[in-house]
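Below are the chains, spelled out letter by letter.
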Amino acid sequence: MGDSHLFLVSYILNNQPKTAEIPTEADRVSVDQARVYLEALHAVSSSNDISDIQVMGIHHHRPHQTPGHYQQQE
C-alpha cells in the first residue's frame, strides 16, 4: 500500500473564499484534478461557480521518524 498524501486546496466558491483537504495516494494533485474533486464535493451546477483554485501539499511529521536535528549520536 502506498503512502497517503494530503493537499490543501484554496478556492473561491460563489464569491466566498473556501478551503478543502484532499487525501490521496498520488504524489501531486493538479488544479484540474482539484476542480473535479471540488465540483463533486459541492455539487455545483457550473464549473464557473469555482474559481482561483490553488493546491498546496501538506507535509506532516511521521511519528515513527525523528527529524535529523533531534537524533542523538551513538
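Quick caveat, the model's predicted, so the values are computed rather than measured.

Moving on: the overall build of the protein chain. When helices and strands are counted, the protein chain shows one helix and three strands. Traced from its N-terminal end to its C-terminal end, the protein chain shows the element sequence β-β-α-β. Within the protein chain, contacts between residues separated by at least 24 positions form 44% of all contacts whose residues are at least 6 apart in sequence. Carbon and sulfur atoms make up 47% of the accessible area of the protein chain, which totals about 6,000 Å².

Turning our eyes to something else, we now look at the nonpolar core. Soluble, globular proteins show a tendency: their nonpolar side chains are buried together. Counting residues in each nonpolar core, the largest one holds 11 residues, listed as Phe 7, Val 9, Tyr 11, Leu 13, Ala 20, Ile 22, Val 29, Ala 34, Leu 38, Ile 50 and Ile 53. Per-element accounting of this core gives the leading share, four residues, to strand 1 (residues 5-13). Excluding residues that lie within four positions of it along the chain, Val 9 makes contacts with Lys 18, Thr 19, Ala 20, Ile 22, Ala 34, Leu 38, Ile 53, Gln 54 and Val 55.

Parameters at a glance
- Residue positions are counted from 1 within each chain, in the order its sequence is given.
- Local features in this predicted model are restricted to residues whose pLDDT is 70 or higher, and side-chain atom pairs enter the listing and the counts only when it is 80 or higher, whereas totals over whole chains, interfaces and linings include all residues.
- The side-chain figures draw on all heavy atoms in the structure; neither hydrogens nor water molecules are used.
- Each helix corresponds to a stretch of at least 4 residues labelled H or I by DSSP, and each strand to a stretch of at least 2 residues labelled E; elements are numbered beginning at the N terminus.
- Whether two residues touch is decided by their heavy atoms; if any such pair falls within 4.5 Å, the residues are in contact.
- Where accessible areas are quoted, they stem from the Shrake-Rupley method and a 1.4 Å probe; at the residue level, only the protein chains shown are allowed to cover.
- The term nonpolar core refers to a set of buried residues drawn from Ala, Val, Leu, Ile, Met, Phe, Trp, Tyr and Cys, joined through side-chain atoms within 4.5 Å.
- Only protein chains enter the area calculation, which uses a 1.4 Å probe; residues under 20% of their type maximum are buried, those over 50% are exposed, and those in between are partly exposed.

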